[in-house]
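Notes for the structure review
Take a look at the letters that make up each chain.
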Amino acid sequence: MRKPVVCAVDGFALGGGLMLAASCDVVVTARVTRWHLPEVSLGWLPGVGLDTLAARVGPFAARSLSWSPTAIDGVEAHRLGLADILSPPTETAREAALRYAKGLAAMPPHAVLTTKQFFSTSVTARAEVMDDLANRYFTQDILHETARANM
């Protein structure tokens, strides 16, 4: 995408929803949002987005988030770098995201685009290859009886 993608997360960001949010250019979270990857507790590795998650929070925090039995809140997601902006108590995540997006839209579009292009190679360079690897592990995992019981 040529334009920055700003997302607002309020309520829950679970599994694929967490990975979708982590893939956005700017993530705004509410303080009380629950962020969690429940896949490992169900018996399988998350199938997509792990490399992008690791690019956001670092490999050790990504691993910890992947197998954590408990959710984290928006404050912790922001501290880890999973979310870029923590909405103030007086605003919803949506309001804070719209305010940010309006400020971004007011900037010279060519400079915003080249900035996005420059950093995109650092963020997504290996994502396809790593998603393929995660899918192969997922295929192994779902053959296990724990995963089958949870499917």
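As a reminder, the structure under discussion sits directly above these lines.
Each chain carries its own residue numbering, running from 1 in the written order of its sequence. Reporting of local features is limited, given that this is a predicted model, to residues whose pLDDT is at least 70; pairs of side-chain atoms are given and counted only at 80 or more, and all residues count toward the totals for whole chains, interfaces and linings. As a convention, hydrogens and water are excluded, and side-chain values are obtained from all of the structure's heavy atoms.

**Describing helix H3 (residues 50–57)**
Burial classes: relative accessible area under 20% of the type maximum marks a residue as buried, over 50% as exposed, and values in between as partly exposed (1.4 Å probe, protein chains only). Each helix is a run of DSSP H or I of at least 4 residues and each strand a run of E of at least 2, with the numbering of both proceeding from the N terminus. Counted residue by residue, H3 has 6 buried out of 8 residues, so it is predominantly covered. All of the buried residues in H3 are Leu50, Asp51, Thr52, Leu53, Arg56 and Val57.

**Concerning the layout of surface pockets**
Each pocket or cavity is described by its volume, and for the largest pocket that value is around 810 Å³. If you go around the largest pocket, you meet 28 residues; those closest to its centre are Ser23, Cys24, Asp25, Val26 and Lys116. With 10 residues, helix H7 (residues 109–124) is the largest single contributor of residues to the lining of the largest pocket. Charged means Asp, Glu, Lys or Arg here, nonpolar means Ala, Val, Leu, Ile, Met, Phe, Trp, Tyr, Cys or Pro, and polar covers whatever is left, Gly included. Counted by class, the lining of the largest pocket contains 16 nonpolar, 7 polar and 5 charged residues. By volume, the second largest pocket is sized at about 310 Å³. Leu45, Leu50, Asp51, Ser66 and Met130 are the residues nearest the centre of the second largest pocket, which is lined by 16 residues in total. For the lining of the second largest pocket, the elements supplying multiple residues, two or more each, are H3, helix H4 (59–67) and helix H8 (127–141). Lining residues are defined by having an atom within 4 Å of a point belonging to a cavity or pocket. Those points lie on a 1 Å grid over the protein atoms alone, cavities being sets where a 1.4 Å probe fits but cannot get out and pockets being open sets with protein on both sides within 12 Å along at least five of seven lines. Grid points are joined across faces, edges and corners, and a volume is the space filled by probe spheres set on the points.

**A look at the packing of aromatic side chains**
Aromatic pairing here means that ring centres of Phe, Tyr or Trp (its six-membered ring) are within 6.5 Å. Orientation follows from the plane angle: under 30 degrees is stacked, over 60 is edge-to-face, and everything else is tilted. This structure, assessed with the given rule, holds 1 aromatic pair. A centroid spacing of 5.0 Å and a plane angle of 90° characterise the contact between phenylalanine 118 and phenylalanine 119, whose relative ring orientation is edge-to-face.

**Digging into empty space enclosed by the protein**
In this structure the tally under the stated criterion is 1 cavity of 30 Å³ or more. Approximately 30 Å³ is the volume attributed to the largest cavity. Considering the residues around the largest cavity, the lining is formed by Leu18, Trp35, His36, Leu37, Leu65, Ser68, Thr70 and Ile72. In terms of residue class, the lining of the largest cavity is made up of 5 nonpolar, 3 polar and no charged.

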